[in-house]
Amino acid sequence: MNKNYVIENVKDFHLYDVLECGQCFHFQRTDTGVSPGVFEYDIVFRDRILHIKEEPDSDGVRLIFENTEDWEYQAIWKSYFDLDRDYSEIKSRIIEADPRLEEIIEEHNGIRILKQDFFETLISFIISQNKQIPQIKQVVNNLSSDLGTKFDVTMINRLSSEFDAFFPTADQLYNATEEEIRLSKCGFRAPYIKDAAEKVYTGEISEKELSRLSTFDAKQKLMTIYGVGEKVANCVLLFGLGRTDTFPVDVWMKRICEYMYFDGDTSKSEIEAFAMDKFGDVAGYAQQYLFMYGQKHKIGT
C-alpha cells in the first residue's frame, strides 16, 4: 500500500497538542523539528499502525495519513482523532464558564480528546501512577514488544520509529505471569496490571457493561480493580470510554483548582464535584486546558 489519505484545512487540530498532552502513550514523534509547522508521528492503535504528517494550510492544517485507504480513514482514524466533532462550540462553552481560560485555549487550540481503546487505556493509566510521560511510554512499549503481537515486515517498513508490536490484549496479559509483566519495568504496578487483565478477560469488567452504567457507577466498578483509585478511574472514563463529564484530579490539578477556585486546601472529591458542576459535559475538555493554564502560570510548581 502506498496511497495517502489527505484532509485539507482541518480546524481546531494540532498533532502536537493532541498527542503530547498526556492522554495516550503508544506513539513517537519522528520529524526533525526543522520545518516550521510540520509534525510527524508514528501511532499504534489496536491492530493498526499509522504514520501521520501535519503541515500548515491556508485555513487550518493539512493532515496526511500515509499508506491509508479511504475505508481505513473512515472506519478507524476519523473516529480516533474525533474529527467529526465541533470543537469551536466546546471551547466557547468552556470560555463562558471561565473567561480566564480564553487565552490558553487560543494558544492550544488544537487539543482533542482521542477515542482510544478501552483496555489499553486502562492498563496505561495504571502504569502512569507516579511516573513521568517518557517512562509511561517506555513501559507501554516494553509490554507491547515483550507480550503483544508482533508486526509483520510490511508494517515495520511503514514506520519511522522502532515500534515492533501491538499493545497486548487482555488475553495475552491474562496468560502472562506477573514476573513476565514486571520485566516491562512497571515495578509495583505488575499485580495491578495482572488483576485488571484477569477482570477484563473473565468479563468481570466489561466495556459494554461500563458503557451502560452512569458515570458514577462506572467509576465505582473500575475502582474494584486492584490499584485503581479515583484519578485512574476518571482517566479511563474520559480517555477510554468518552465520558467527557469526568474531571480527573491529580496533585497538579488539585493545586491549580485550589489556586483558581478555592481559598485553600480542598479535597480532590470536592474539586471534582465542583468542576463537573461548573463545566458539565465538557469538564474533561476543560481539565486539559486548566492543566495547560497551570503550566503556563507555574501554578503549584
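None of these values were measured; they are calculated from a predicted model.

Thresholds, definitions, all that
Every chain's residues receive numbers from 1 upward, in the order its sequence appears when written. Given that the model is predicted, a residue must reach a pLDDT of at least 70 before its local features are reported, and side-chain atom pairs must reach 80 or more before they are shown or counted; all residues, however, enter totals for whole chains, interfaces and linings. Each side-chain value is derived from all of the structure's non-hydrogen atoms; neither hydrogens nor water enter the calculation. For salt bridges, the criterion is a side-chain nitrogen of Lys or Arg within 4 Å of an Asp or Glu carboxyl oxygen. Only DSSP runs of H or I covering at least 4 residues are called helices, and only runs of E covering at least 2 are called strands; the numbering of each starts at the N terminus. Residue exposure (1.4 Å probe, protein chains only): buried if accessible area is under 20% of the type maximum, exposed if over 50%, otherwise partly exposed. Two N or O atoms count as a polar contact when they lie within 3.5 Å, although within protein this holds only if one can serve as hydrogen donor and the other as acceptor, and sequence-adjacent residues are included solely when both atoms are side-chain atoms. Here, two residues are considered to be in contact whenever any of their heavy atoms come within 4.5 Å of each other. Two strands qualify as a pair provided DSSP detects at least 2 bridges between them. To get an axis, a line is fitted to the C-alpha atoms, and for a helix only the part in contact is used. The angle between two axes follows their N-to-C directions and goes from 0 to 180 degrees. By convention, the crossing between two helices is left-handed when the near helix turns anticlockwise from the far helix through less than a right angle, and right-handed when the turn is clockwise. Under the grouping applied here, Gly and all other residues not named as nonpolar or charged are polar, the nonpolar ones being Ala, Val, Leu, Ile, Met, Phe, Trp, Tyr, Cys and Pro and the charged ones Asp, Glu, Lys and Arg. When describing relative orientation, an angle under 35 degrees is termed roughly parallel and one over 145 degrees roughly antiparallel, while 65 to 115 degrees is termed roughly perpendicular and anything else oblique. What counts as a ring pair is set by centres within 6.5 Å for rings of Phe, Tyr and Trp (its six-membered ring), and what kind of pair is set by the plane angle: stacked under 30 degrees, edge-to-face over 60, tilted for all other angles. Here, a charge over a ring means that NZ of Lys or CZ of Arg falls within 6 Å of the ring centre while also lying within 35 degrees of the ring normal.

Asker: I'd like to hear about the pattern of salt bridges, residue by residue, with values.
Answerer: Tallied over the full model, the rule gives 23 salt bridges. A salt bridge links Glu 8 to Arg 62, with the nearest nitrogen and oxygen atoms 2.9 Å apart. Here the residue Glu 8 occupies a position in strand β1 (residues 5-10), and Arg 62 occupies one in strand β5 (residues 60-66), the gap between them amounting to 54 residues. Judged by relative accessible area, Arg 62 falls into the partly exposed class, the value being 22%.

Asker: Quick rundown of the side chain of Asp 57? Include the residues and the values.
Answerer: Here Asp 57 lies in strand β4 (residues 48-57). Here the side chain of Asp 57 touches Arg 62 through a polar contact of 3.5 Å, side chain to side chain. When neighbours within four sequence positions are excluded, Asp 57 is seen to be in contact with Glu 8, Asn 9 and Arg 62.

Asker: Tell me about the sheet that holds β1, and name the residues and values.
Answerer: Overall, antiparallel pairing links the 5 strands, which are arranged β1-β5-β4-β3-β2 in an open sheet. Single-partner strands in this sheet number two, and they are β1 and β2 (27-29). Here the strands of the sheet are splayed against their neighbours by 20° on average, with no regard to which way each runs. As defined by bridge partners, strand β3 (residues 39-45) adjoins β4 across 7 bridges and the pair is classed as antiparallel. Its bridge partner lying in β4, Asp 42 is registered against His 51. Sitting on the sheet, helix α2 (residues 70-80) touches β1, β3, β4 and β5, and the angle it makes with β4 is about 80°.

Asker: Which residues make up the environment of Glu 20, and what values go with them?
Answerer: Position of Glu 20 among the secondary structure elements: in the loop between α1 (15-19) and β2. When the C-alpha positions of Glu 20 and Ile 111 are compared, they lie 9.4 Å apart, and in sequence the two are 91 residues distant. Only 2.9 Å separates the side chain of Glu 20 from the side chain of Tyr 41, close enough to count as a polar contact.

Asker: Give a detailed account of the packing of helix α14 (residues 251-261) against helix α15 (residues 268-279), specifying residues and quantitative values.
Answerer: Axis separation between α14 and α15 bottoms out at 10 Å; the angle between their running directions is 65°. The two elements α14 and α15 cross, and the hand of that crossing is left-handed. Across from Val 251, Lys 254, Cys 257, Glu 258 and Tyr 261 in α14, the residues of α15 making contact are Lys 268, Ile 271, Phe 274, Lys 278 and Phe 279. The class makeup of the residues in the contact of α14 with α15 is 6 nonpolar, no polar and 4 charged.

Asker: Lay out unusual backbone geometry with the relevant residues and their values.
Answerer: A positive phi angle, close to 50°, is found at Arg 46, a residue other than glycine. The partly exposed category is assigned to Arg 46, whose relative accessible area is 42%. For Lys 185, which is not glycine, the phi torsion reads 75° and is therefore positive. Residue placement: Lys 185 occurs in the loop between α9 (178-182) and α10 (190-202). Residue class for Lys 185 comes out exposed when judged on its relative accessible area of 64%.

Asker: With reference to specific residues and values, describe the packing of helix α5 (residues 118-127) against α10.
Answerer: Where α5 meets α10, the closest approach of the two axes is 10 Å, and the angle between their N-to-C directions is 160°. Taken as axis vectors, α5 and α10 run roughly antiparallel relative to one another. Classified by chirality, the crossing of α10 by α5 is right-handed. Residues Phe 118, Phe 119, Leu 122, Ile 123, Ile 126 and Ile 127 of α5 touch α10, and the partners they reach there are Tyr 192, Ile 193, Ala 196, Ala 197 and Val 200. Broken down by class, the residue content of the contact of α5 with α10 amounts to 11 nonpolar, no polar and no charged.

Asker: Tell me what's going on with the packing of aromatic side chains, and back it up with residues and numbers.
Answerer: This structure, assessed with the given rule, holds 22 aromatic pairs. Between Phe 65 and Phe 81, the ring centres sit 6.1 Å apart and the planes meet at 70°, which makes this aromatic pair edge-to-face. Of this pair, Phe 65 sits in strand β5 while Phe 81 sits in the loop between α2 and α3 (87-97), placing them 16 residues apart in sequence. Phe 81 matches Phe 65 in its accessibility class, with the two residues each being buried. Aromatic side chains Tyr 174 and Tyr 201 sit 4.1 Å apart centroid to centroid with 15° between the ring planes, which places their arrangement in the stacked category. Here Tyr 174 is found in helix α8 (residues 170-175), whereas its partner Tyr 201 is found in helix α10, with 27 residues between them in sequence. Each member of the aromatic cluster is reached from another via a ring pair, and the members are Tyr 5, Phe 13, Phe 45, Phe 65, Tyr 73, Trp 77, Tyr 80 and Phe 81. Taking the ring centre of Tyr 174 as reference, the NZ or CZ of Lys 194 above it sits at 5.7 Å.

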